[in-house]
Amino acid sequence: MNAPGTGNANARVRERLLWLALVMFGFAFAMVPLYRVFCDITGINRDEAQVLAINTQVDTSRLVLVQLLANVEDAAQWRLNAPAAAIPAHPGELIQVDFELENLADRAVSGHAVASYAPAVAARYFRKIECFCFREQHLAARERRVLPVMFVLDRQIPPDLGVVTLSYAFFRQVKT
Amino acid sequence: MNPSMDTPMDKPLTDPHDAGHHAAPAGLWRWLTTTNHKDIGSLYLWFAAAMFLIGGLMAMVIRAELFQPGLQVVQPDLFNQLTTLHGLIMIFGVIMPAFTGFANWQIPLMIGAPDMAFPRMNNWSFWLLPVAATFLIGSLFLPGGAVSGGWTMYPPLYLQGGISYDLTIFAIHIMGASSIMGAINIITTILNLRAPGMRMMKMPMFVWTWLITAYLLIAVMPVLAGAVTMLLADRNFGTHFFDAAGGGDPVLFQHIFWFFGHPEVYILILPAFGIVSTVIPTFARKPLFGYRSMVYATASIAILSFIVWGHHMFTVGMPAGMQLFFMYATMLIAVPTGVKVFNWVVTLWKGSISFETAMLFALAFVFLFTIGGFSGLVLAMVPVDVQLQDTYYVVAHFHYVLVTGALFSIFAGLYYWLPKWTGHMIDERWGRWHFWLSAISVNVLFFPMHFLGLAGMPRRIPDYALQFADFNRIASLGGFVFGASQILLLVVIVKCIRGGEPAPARAWDGAEGLEWTLTSPPPYHSFAKPPEVR
Ligand SMILES: [Cu+2]
């Protein structure tokens, strides 16, 4: 092992390894722009960070027709519109429908919506996550507002319930 | 000047304690200036032992605090400092230096080299370590105490702490420099200083695992250095790499850290594979089964370790595609690891096995490391990991891998090579006591932590809900016994150095390899003339 040149050979290996270490040190810093570029290209970590939420509980074998009804107590003062006469929904599927409420009067009013279901037994299979009927609504004069309703039809809904009705009636708040 | 020329290797030496041209300095000066691989190997091992004592005492305080719910022994702030330092010390101060100590002692002996390739650099690599350790442990006594943000050094906590955080970062830099220098030395030694006839595919498994480990060190220690340098810049120079207030991203730190962190896991375990692959064939009196597949398995584990870091970060809000990639890549590592376990078991098959203490620890390694490997597979599954992230299940997992894995292999290696190093056989009776007490208590200590984690107990907390009290009490009792039984190891080592039955050159009848052709202890300068390997 004392062959001449061993020392040089050692120094050569050492030099190469030091370069490798230096490159890897630089790589740590290179990860800063690389990370940005990678996220921009793939869209990761930007807008839809939570694309993980996939509903696996949808029963696609069945379709229930949900009829939507909207009524107001005093048609001259209010208008409440359902987005459609009926929409199809799979049990387990998260559904969002946007109702529209408009104050036709020149003064502010408050009111409250009450939901009802037909047939009445359907009520227990409606799982509402968001509904304008949860809160009192205060509208300024001539204000128009979109009111979302989010619900899931329970997977336990009996198969003979092919058509169900979700109906809202809007009542003006009586001042006390 | 060329450092490889400054050891006397041109004179055949007769007296093992004659240091050659220069008079051997005595006392402290000898150890400060030594360039001898055996001296430096011993220094590394004694340093690791001292750090093991300090890190172990910290673990005892932690287990005492967790003995029952409520705060009894330490306040939460000190508790967090202790868990952080315990992690840093055990990884950078115990496991890594101990393996480097083995490398220094054994690699030149195993490949027939006169010394390491760069003996002076070797001296530097070692003496940087006590400096780093002083910074790390000394920070406990600074205003505000030591770092308490966890050994993983995540921002924003590490951007907010006091002076001890700067000091810890500095210590990491020094330890990184030490590891890189040590790794360069090891690679150069293995590549250039092998005895004639010692082809790569003839090298002992321990040398192979260390060669690959050294490459891992050179590839990832600079990345860690870069990450902590950015932390330092964010703290002191107004940059915003990780500081969200200035547009930085703390998750980026986790990516960089774990790009280092996962290969680091294999830096901590590959040399253990090497030791176990040496001990088991000796006491099974059969050559290692599947040497070639062992080499390839080690290399593929090392390569795969660069693409799995995301499994530490499943809950940071990573898209499902990346989670799946990291999950499958992680599980893939189980294949080469499985090859290794299979080879060890087949090596035992129909061997004439004897159960010396070294063998007992090696067998316990195979069994218990595999448990740690399996809990790693469990944690690799994304939906499970989302539940178990930051619970005691994770603590159980990495302690099985690092204590009954890496540390047990270090014990096995010590019992195996101490007769070679000291010239005295070890006291097997004390050794067996050390083994059985350790092997039983370590399971009492860590196994209940699986249950605690599954029940939802979070890690890094000094106090906990009442339902976790029973298992914590069991774990603490196991911990105290495990801690106390390490005193036996110290006794065995000291007894072995001081005297005992003289060890023959081939201390174990099944042992193979160049180191066993030398006397026990080997001469201070060995293989001045390279041996012939057939
Ligand atoms: Cu990992």
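Residues numbered from 1 in each chain as written. Chains lettered and ligands numbered in written order. Predicted model: local features only at pLDDT ≥ 70, side-chain atom pairs only at ≥ 80, totals over all residues. Heavy atoms only, no water.

1. Some words on the environment of B:Met200
All names here are of chain B.
Working step 1: Summarising the element assignment, methionine 200 is placed in the loop between helix H6 (163–192) and helix H7 (205–236).
Working step 2: The spatial distance from the C-alpha of methionine 200 to the C-alpha of isoleucine 111 is 10.0 Å, given a sequence separation of 89 residues.
Working step 3: With residues up to four places along the chain from it excluded, the contact list for methionine 200 reads Leu191, Arg194, Trp208, Leu211 and Tyr291. (Helix = DSSP H or I, 4+ residues; strand = E, 2+ residues; numbered from the N terminus. Contact = heavy atoms within 4.5 Å.)

2. Structural notes on the interface of chain A and chain B
Working step 1: Contacts between the two partners involve 29 residues from chain A, matched on the other side by 45 residues from chain B.
Working step 2: Buried surface at the junction of chain A and chain B, summed over both partners, amounts to about 2,900 Å²; 74% is from carbon and sulfur atoms.
Working step 3: Across the chain A-chain B interface, the total number found is three residue pairs in polar contact (both at pLDDT 80 or more).
Working step 4: Here the residues of the side of chain A that touches chain B sort into 20 nonpolar, seven polar and two charged. (Buried area = accessible area lost by both parts, 1.4 Å probe. Polar contact = N/O pair within 3.5 Å; in protein donor to acceptor, adjacent residues only side chain to side chain. Nonpolar A, V, L, I, M, F, W, Y, C, P; charged D, E, K, R; others polar.)

3. Let's talk about the state of the cysteines
All names here are of chain A.
Working step 1: Under the definition given, this model contains one disulfide over all chains.
Working step 2: Covalent S-S linkage joins cysteine 131 and cysteine 133, the inter-sulfur distance amounting to 2.2 Å. Taking the torsion about the sulfur-sulfur bond, which here is approximately 130 degrees, the covalent link between cysteine 131 and cysteine 133 counts as right-handed.
Working step 3: Here cysteine 131 falls in the buried class, since its relative accessible area comes to 0%.
Working step 4: Looking at cysteine 133, the relative accessible area reads 13%, which means it is buried. (Disulfide = S-S within 2.5 Å. Buried < 20%, exposed > 50% of the residue type's maximum accessible area, 1.4 Å probe, protein only.)

4. Points about the packing of helix H13 (residues 357–380) of chain B against helix H15 (residues 392–422) of chain B
Residues and elements named next belong to chain B.
Working step 1: Where H13 meets H15, the axes come as close as 8 Å, and the angle between the chain directions of the two elements is 160 degrees. Taken as axis vectors, H13 and H15 run roughly antiparallel relative to one another. In this structure, H13 meets H15 at a crossing whose hand is left-handed.
Working step 2: A breakdown of the residues in the contact of H13 with H15 according to their chemical character gives 20 nonpolar, nine polar and no charged. (Axes fitted to C-alpha atoms, helices over the stretch in contact; angles between N-to-C directions. Parallel < 35°, antiparallel > 145°, perpendicular 65-115°, else oblique. Left-handed = near helix turned anticlockwise from the far one by under 90°.)

5. Examining the nonpolar core
Working step 1: Counting 192 residues, the largest nonpolar core has B:Phe92, B:Phe102 and B:Trp344 as its most contacted members.
Working step 2: Among residues more than four places away in sequence, those in contact with B:Phe102 are B:Leu45, B:Ile107, B:Phe206, B:Ile275, B:Ile410, B:Gly413, B:Leu414, B:Trp417 and B:Trp421.
Working step 3: Counting 30 residues, the second largest nonpolar core, distinct from the first, contains A:Val64, A:Ala122, A:Leu161 and A:Leu166. (Core = buried A, V, L, I, M, F, W, Y, C linked by side-chain atoms within 4.5 Å.)

6. So, the sheet that holds strand S4 (residues 94–103) of chain A
Residue and element names in this part refer to chain A.
Working step 1: Ordered by their spatial adjacency, four strands build an open sheet running S2-S4-S8-S6, and the pairing between neighbours is antiparallel. A single partner strand is all that each edge strand has here, and the edge strands are strand S2 (78–81) and strand S6 (126–130). Looking at each pair of strands side by side, their axes are set apart by 30 degrees on average, direction ignored.
Working step 2: Looking at chain direction, S2 and S4 are connected through four bridges and run antiparallel. Counterpart to asparagine 81 in the pairing with S4 is glutamate 100. (Pairing = 2+ DSSP bridges.)

7. Thoughts on the packing of aromatic side chains
Working step 1: Counted according to the given criterion, the structure contains 52 aromatic pairs over all chains.
Working step 2: Plain terms: the ring middles of B:Phe283 and B:Trp508 are 5.1 Å apart, the flat faces sit at 70 degrees to each other, and that makes the pair edge-to-face. Of this pair, B:Phe283 sits in helix H9 (residues 270–284) while B:Trp508 sits in the segment after helix H17 (469–498), and the two are 225 residues apart along the sequence. Across the pair, B:Trp508 and B:Phe283 agree in class, each one buried.
Working step 3: One aromatic cluster is present, built from ring pairs that chain together A:Phe25, A:Phe29, B:Trp151, B:Tyr154, B:Phe241, B:Phe242, B:Phe253, B:Phe257, B:Trp258 and B:Phe260.
Working step 4: Sitting over the ring of B:Phe118, A:Arg14 keeps its end group 4.4 Å from the ring centre.
Working step 5: A cation over a ring is seen here: B:Arg473 above B:Phe67, with NZ or CZ 5.0 Å from the ring centre. (Phe/Tyr/Trp six-rings, centres within 6.5 Å; stacked < 30°, edge-to-face > 60°. Lys NZ or Arg CZ within 6 Å of the ring centre and 35° of its normal.)

8. Observations concerning the coordination of the copper ion
Residues and elements named next belong to chain B.
Working step 1: On the protein side, the copper ion has His262 (ND1), His311 (NE2) and His312 (NE2) as donor atoms, found 1.7 to 2.0 Å from it.
Working step 2: Counting the intervening residues between successive donors of the copper ion yields the motif H-x48-H-H. Of this pair, histidine 262 sits in helix H8 (residues 250–267) while histidine 312 sits in the loop between helix H10 (291–304) and helix H11 (320–332); the two residues are 50 residues apart in sequence, bridging distant segments of the chain.
Working step 3: Under the relative-accessibility criterion, histidine 312 is labelled partly exposed at 22%. (Donors = N, O, S within 2.8 Å, 3.2 Å for Na, K, Ca; no water.)

9. Description of the domain arrangement of chain A
Interface size is commonly expressed as the accessible area that is lost once the parts come together.
Working step 1: In terms of domain boundaries, chain A breaks down into domain 1 (1–45) and domain 2 (53–172).
Working step 2: Using C-alpha coordinates to define each centre, domain 1 of chain A is positioned 61 Å away from domain 2 of chain A. (Domains from an automatic or database assignment.)

10. Describing the sheet that holds strand S5 (residues 109–118) of chain A
All names here are of chain A.
Working step 1: Taken together, the five strands give an open sheet; going across it, the order is S3-S1-S9-S5-S7, and neighbouring strands pair in mixed fashion. The outermost strands of the open sheet, each flanked by one partner alone, are strand S3 (86–89) and strand S7 (137–139). Taken pair by pair, the neighbouring strands of this sheet meet at an average axis angle of 30 degrees, ignoring direction.

11. Comments concerning the pattern of salt bridges
Working step 1: Per the stated rule, a full pass over the model turns up 12 salt bridges over all chains.
Working step 2: Across the salt bridge formed by A:Arg135 and A:Glu130, the nearest N and O atoms sit 2.9 Å from each other.
Working step 3: On the accessibility criterion, A:Glu130 (25% relative accessible area) is partly exposed.
Working step 4: Between B:Asp509 and B:Arg285 there is a salt bridge, with its nearest N and O atoms 3.0 Å apart. Separated by 224 residues along the polypeptide, B:Asp509 in the segment after H17 and B:Arg285 in the loop between H9 and H10 bring together distant segments of the chain.
Working step 5: Classification of B:Asp509 as exposed rests on a relative accessible area of 59%.
Working step 6: Classification of B:Arg285 by relative accessible area gives partly exposed; the value is 31%. (Salt bridge = Lys/Arg side-chain N within 4 Å of Asp/Glu carboxyl O.)

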